[in-house]
Amino acid sequence: SAVISQKPSRDICQRGTSLTIQCQVDSQVTMMFWYRQQPGQSLTLIATANQGSEATYESGFVIDKFPISRPNLTFSTLTVSNMSPEDSSIYLCSAYRAGSGELFFGEGSRLTVL
Amino acid sequence: EDQVTQSPEALRLQEGESSSLNCSYTVSGLRGLFWYRQDPGKGPEFLFTLYSAGEEKEKERLKATLTKKESFLHITAPKPEDSATYLCAVPDNTGFQKLVFGTGTRLLVSP
């Protein structure tokens, strides 16, 4: 298994500002992903974080709004840019190690935009 | 389009009252079905991955089974600490473990 740490765990932000969320995995993993969970909803994939190259975004999510970095096999960041109240959600980092059959999640970062 | 549907949406049980949660899916070429438990304010906790029809996995009071069209999560003699939202998910057709999630079943077990 893998332990995934996310920072911050929660934050309250003003409209128009940006916030960067960090995700650290305790061991090397094959793939890292970012999900969003809006209040009362299930999880929606934002993007796959690719090591050393641009992230792969899902339909409805764009790089200008959600820039993602993954400089190495254990670390990734997600920035939520020019925030609006509609961005209030829990943002979750997940990691998959090939051959393990398991995909793990961090505890999430709860973002509230006023 | 890959879809995952969970039922019931919510389930209330008395302690010791066994039941099952359902997850039905439509995906071409199933590459696994994942079950998670999520407590309020926390990230999903991995429970099981099932790969082929007929496969079963157990963990404490939970047993997951898989058919060609659906999966069941059986909860035997549940305790209040089993109260949580249970999510199932399947990888999409790209095969890179990008999961499509169901909306979950909220389970409440009363003492």
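Residues numbered from 1 in each chain as written. Chains lettered and ligands numbered in written order. Predicted model: local features only at pLDDT ≥ 70, side-chain atom pairs only at ≥ 80, totals over all residues. Heavy atoms only, no water.

1. Some thoughts on the overall build of chain A
When helices and strands are counted, chain A shows zero helices and eleven strands. Secondary structure of chain A in N-to-C order comes out as β-β-β-β-β-β-β-β-β-β-β. Against the 2.2 N^0.38 benchmark of 13 Å for 114 residues, chain A shows a C-alpha radius of gyration of 13 Å, consistent with a compact globule. Expressed as lengths along the three principal axes of its C-alpha atoms, the size of chain A is roughly 40 × 25 × 20 Å. Residue pairs in contact within chain A that sit at least 24 positions apart in sequence constitute 54% of those at least 6 positions apart. For chain A, the exposed area adds up to about 5,300 Å²; of that, 48% sits on carbon and sulfur atoms. (Helix = DSSP H or I, 4+ residues; strand = E, 2+ residues; numbered from the N terminus. Rg over C-alpha atoms; globule rule 2.2 N^0.38 Å. Contact = heavy atoms within 4.5 Å. Areas by Shrake-Rupley, 256 points an atom, 1.4 Å probe, with all protein chains shown as cover.)

2. Side note on the overall build of chain B
When helices and strands are counted, chain B shows zero helices and eleven strands. Secondary structure elements of chain B, listed N to C terminal, follow the sequence β-β-β-β-β-β-β-β-β-β-β. The C-alpha radius of gyration of chain B comes to 13 Å, within 12% of the 13 Å expected for a compact globule of 111 residues. In chain B, buried positions account for 48% of the 111 residues. Restricting to contacts in chain B with at least 6 residues of sequence separation, those with at least 24 account for 54%. Just so you have it, chain B exposes about 5,400 Å², and 48% of that area is on carbon and sulfur atoms. In chain B, 13 positive and 15 negative side-chain charges are present, and the distance between their average locations comes to 2 Å. (Buried < 20%, exposed > 50% of the residue type's maximum accessible area, 1.4 Å probe, protein only. Lys, Arg positive; Asp, Glu negative; His and termini not counted. Charge placed at Lys NZ, Arg CZ, Asp CG, Glu CD.)

3. With respect to the pattern of salt bridges
Using the criterion set out here, one finds eight salt bridges over all chains in the structure. Here B:Lys98 ties to A:Glu58 by a salt bridge, and the two come within 3.0 Å at their closest N and O atoms. In this pair, B:Lys98 is assigned in the loop between strand 9 (84–91) and strand 10 (99–101) and A:Glu58 in the loop between strand 6 (56–57) and strand 7 (68–69), connecting two distinct chains. According to the relative accessible area criterion, A:Glu58 is partly exposed, its value standing at 21%. Between B:Asp39 and B:Arg37 there is a salt bridge, with its nearest N and O atoms 3.0 Å apart. By relative accessible area, B:Asp39 is classed as partly exposed at 24%. (Salt bridge = Lys/Arg side-chain N within 4 Å of Asp/Glu carboxyl O.)

4. Side note on the side chain of B:Lys98
Judged by relative accessible area, which is 11%, B:Lys98 ranks as buried. At a separation of 3.0 Å, a polar atom in the side chain of B:Lys98 contacts the side chain of A:Glu58. For B:Lys98, the residues in contact, after removing those within four places along its chain, are A:Phe33, A:Tyr35, A:Leu45, A:Thr48, A:Glu58, B:Val90, B:Pro91 and B:Asp92. (Polar contact = N/O pair within 3.5 Å; in protein donor to acceptor, adjacent residues only side chain to side chain.)

5. Some thoughts on the side chain of A:Thr74
Residue and element names in this part refer to chain A. Its place among the elements puts Thr74 in the loop between strand 7 and strand 8 (75–80). Taking the relative accessible area as the measure of exposure, Thr74 reaches 18% and is therefore buried. In this structure the side chain of Thr74 is engaged in a polar contact, spanning 3.2 Å, whose partner is the side chain of Gln24. Once residues lying within four places of it in the same chain are set aside, the contact partners of Thr74 are Cys23, Gln24, Val25, Ser27, Gln28 and Met32.

6. Topic: the sheet that holds strand 6 (residues 56–59) of chain B
Hydrogen bonding along the main chain pairs the strands of a sheet, whether they run parallel or antiparallel. Residue and element names in this part refer to chain B. The strand order 1-3-8-7-6 describes an open sheet built from five strands, whose pairing is antiparallel. Looking at the sheet topology across the chains shown, the edges are occupied by strand 1 (3–7) and strand 6. Each adjacent strand pair in this sheet contributes to an overall mean axis angle of 15°, direction not counted. Examined bridge by bridge, strand 7 (residues 62–66) and strand 8 (residues 70–75) share five bridges and lie antiparallel to one another. Residue Thr65 lies in a different strand from strand 8, and its bridge partner there is Phe72. (Pairing = 2+ DSSP bridges. Axes fitted to C-alpha atoms, helices over the stretch in contact; angles between N-to-C directions.)

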